[in-house]
Amino acid sequence: MRHTQQDGSRALKSYARSGILLATLAGLAAAVWAFGSTGFDGIVAIARRLGVEGFLLYCLYSLGVFVVLGGAWLTAASGEAFNRLGVFVWARLIREAASDLLPFSQIGGIVVSTRMLTASGIAGPRVYASLIVDLTTEMASQLIFTLFGVAVVASILMGGGQGASLRTPLLGGGAIMIALMAVFVLAQRWLLPLAGRIAQHALPGSVAAAQEIGAELRAIYARRGRIVLSFALNLAAWGASAAGAWIVLRLMEVELSIWTALAIESVIFALRSAAFAIPGGIGVQEAGYALAAPLLGLPPESALALALAKRARDLAIGLPTLMVWQVAEARAVVLGSRKR
């Protein structure tokens, strides 16, 4: 029986790896198509207008957005003082860097960031409960931001024409996000007890851990002001991140209204969230820009130059973050072995 279970587990892991590999290859193919159909020379020529100073400014601006995101997570952690903001900002940076650059995308980022918070001395149940609340408010705020983008896109395309074909998939995508958000929120009422009953037969002490997380969640939900503030901060972060794209376009001397930029970015964010199995949404972001941006008045060369700038930003911030985290992990292992 044990061998059968192990074989089944190995097969499941193999299928998961194959699925992620196929999704990543599909994303890469989409990226190649997007850049090939537009012409790489024109894209690079526009991207060069950004310059080193402009790129550094964009990176600094993005780091400021992470302060807001870290504040949203800290707010969800009932009982943690404001002086722990730096720890949560660092955890949010690691979560994003791992999601963008490591395999298993969002799952990898969650695992790495929660491990870092527990290693910093924050109780595990509080870390996981605050993560659930932060993810919930982040999804809810993205839903609002996406619906805003859909409304702006619909108003821009109201005149009909080729772009009007985007209305149905955008509105349908918004409806799907609403349904998923409702399922995610409602599932929290029974998900932890169910997980506890399942884990009782596999992991000793897991039921007690689930009960502790449930107690932390109830403590957080009892302070609704924290949930509202976490939602507001996550919504502000979505808007600020989209505004960063508009800033990059202006630095590249590309004229576009702030409202159109916000609408385009809301669509790209939704596409990347849907492609959660692909590390960093490779190719999905580029294909989305190539298809949607021209319909909203942004030339494809400028849209893909923006995509290049965002990829470069992810690497410039994500790689040093992961390197520092790896050094800290290695140091902790060495210190732990010496204590033994």
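Quick note: structure is the one above.
All values derive from a computational prediction rather than experimental measurement.

A. The overall build of the protein, seen in detail. Scanning the protein for helices and strands turns up twelve helices and zero strands. For the protein, the α and β elements follow one another from N to C terminus as α-α-α-α-α-α-α-α-α-α-α-α. Split into buried and exposed, the 340 residues of the protein put 43% on the buried side. Long-range contacts, defined as pairs at least 24 residues apart, comprise 74% of the intrachain contacts of the protein with a sequence gap of at least 6.

B. Structural detail: unusual backbone geometry. For Glu253, which is not a glycine, the phi torsion comes out positive at approximately 65°. As for its position among the elements, Glu253 is in the loop between helix H9 (224-251) and helix H10 (258-274). Classification of Glu253 as exposed rests on a relative accessible area of 60%.

C. The nonpolar core, seen in detail. Counting 27 residues, the largest nonpolar core has Val248, Leu249, Met252, Ile264, Tyr289, Leu298 and Leu306 as the members making the most contacts within it. Going through the elements one at a time, helix H6 (124-156), H9, H10, helix H11 (284-292) and helix H12 (300-339) are the ones with two or more residues in this core. With six residues, the single largest contributor to this core is H12. Sequence-distant contacts of Leu298, that is, excluding residues within four places in its chain, are made with Leu249, Val254, Leu256, Ile264, Ala293 and Ala303.

D. Molecular detail of the environment of Arg311. Its place among the elements puts Arg311 in helix H12. You can call Arg311 buried: its relative accessible area is 19%. Spatially, the C-alpha atoms of Arg311 and Glu286 are 9.8 Å apart, while their sequence positions differ by 25 residues.

E. Structural view of the side chain of Glu138. Along the polypeptide, Glu138 turns up in helix H6. Ignoring anything within four residues of it in the chain, the contact list for Glu138 reads Arg92, Arg95, Asn234 and Trp238.

F. Geometry of the environment of Thr260. Summarising the element assignment, Thr260 is placed in helix H10. Given the relative accessible area of 10%, Thr260 is considered buried. Sequence separation between Thr260 and Val152 is 108 residues; the distance between their C-alpha atoms is 7.4 Å. Engagement of the side chain of Thr260 in a polar contact is seen with the side chain of Ser257, the distance being 2.7 Å.

G. Main features of the packing of H6 against H9. Close contact between H6 and H9 brings their axes to 8 Å; oriented N to C, the two are set at 50°. By the angle between their axes, H6 is oblique relative to H9. The two elements H6 and H9 cross, and the hand of that crossing is right-handed. Taken together, the residues of H9 that come into contact with H6 (itself represented by Val133, Asp134, Thr137, Glu138, Ala140, Ser141, Gln142, Ile144 and Phe145) are Ile227, Ser230, Phe231, Asn234, Leu235, Trp238, Gly239 and Ala242.

H. Helix H4 (residues 85-101), seen in detail. With 17 residues, H4 should cover 24 Å at 1.5 Å per step; its first-to-last C-alpha distance of 24 Å lies within 8% of that length. With twelve of 17 residues buried, H4 lies mostly within the body of the structure. Those residues of H4 lying buried are Leu85, Phe88, Val89, Ala91, Arg92, Leu93, Ile94, Arg95, Ala97, Ala98, Ser99 and Asp100.

I. The packing of helix H3 (residues 51-76) against H6, seen in detail. For the pair H3 and H6, interaxial distance at closest approach is 8 Å and the crossing angle is 120°. Overall, the two elements H3 and H6 adopt an arrangement that is oblique. In the crossing of H3 with H6, the sense of the turn from one axis to the other is right-handed. The residues of H6 that touch H3, namely those facing Ala72, Trp73 and Ala76, are Val127, Ser130, Leu131, Val133 and Asp134. Taken together, the residues of the contact of H3 with H6 break down into six nonpolar, one polar and one charged.

J. Molecular detail of the packing of aromatic side chains. Summed over the entire model, instances satisfying the criterion amount to five aromatic pairs. On the basis of an interplanar angle of 75° and a centroid distance of 5.9 Å, the ring pair of Trp73 and Phe88 is categorised as edge-to-face. Residue Trp73 is found in helix H3, and its partner Phe88 is found in helix H4; the two are separated by 15 residues along the sequence. Ring pairing ties together the aromatic residues Phe145, Phe148, Trp238, Trp259 and Phe269, which thus form one cluster. Taking NZ or CZ as reference, Arg95 lies 4.9 Å from the ring centre of Trp73, over its face.

What counts as what
- Residues numbered from 1 in each chain as written.
- Predicted model: local features only at pLDDT ≥ 70, side-chain atom pairs only at ≥ 80, totals over all residues.
- Heavy atoms only, no water.
- Helix = DSSP H or I, 4+ residues; strand = E, 2+ residues; numbered from the N terminus.
- Buried < 20%, exposed > 50% of the residue type's maximum accessible area, 1.4 Å probe, protein only.
- Contact = heavy atoms within 4.5 Å.
- Core = buried A, V, L, I, M, F, W, Y, C linked by side-chain atoms within 4.5 Å.
- Polar contact = N/O pair within 3.5 Å; in protein donor to acceptor, adjacent residues only side chain to side chain.
- Axes fitted to C-alpha atoms, helices over the stretch in contact; angles between N-to-C directions.
- Parallel < 35°, antiparallel > 145°, perpendicular 65-115°, else oblique.
- Left-handed = near helix turned anticlockwise from the far one by under 90°.
- Expected span 1.5 Å × (residues − 1).
- Nonpolar A, V, L, I, M, F, W, Y, C, P; charged D, E, K, R; others polar.
- Phe/Tyr/Trp six-rings, centres within 6.5 Å; stacked < 30°, edge-to-face > 60°.
- Lys NZ or Arg CZ within 6 Å of the ring centre and 35° of its normal.

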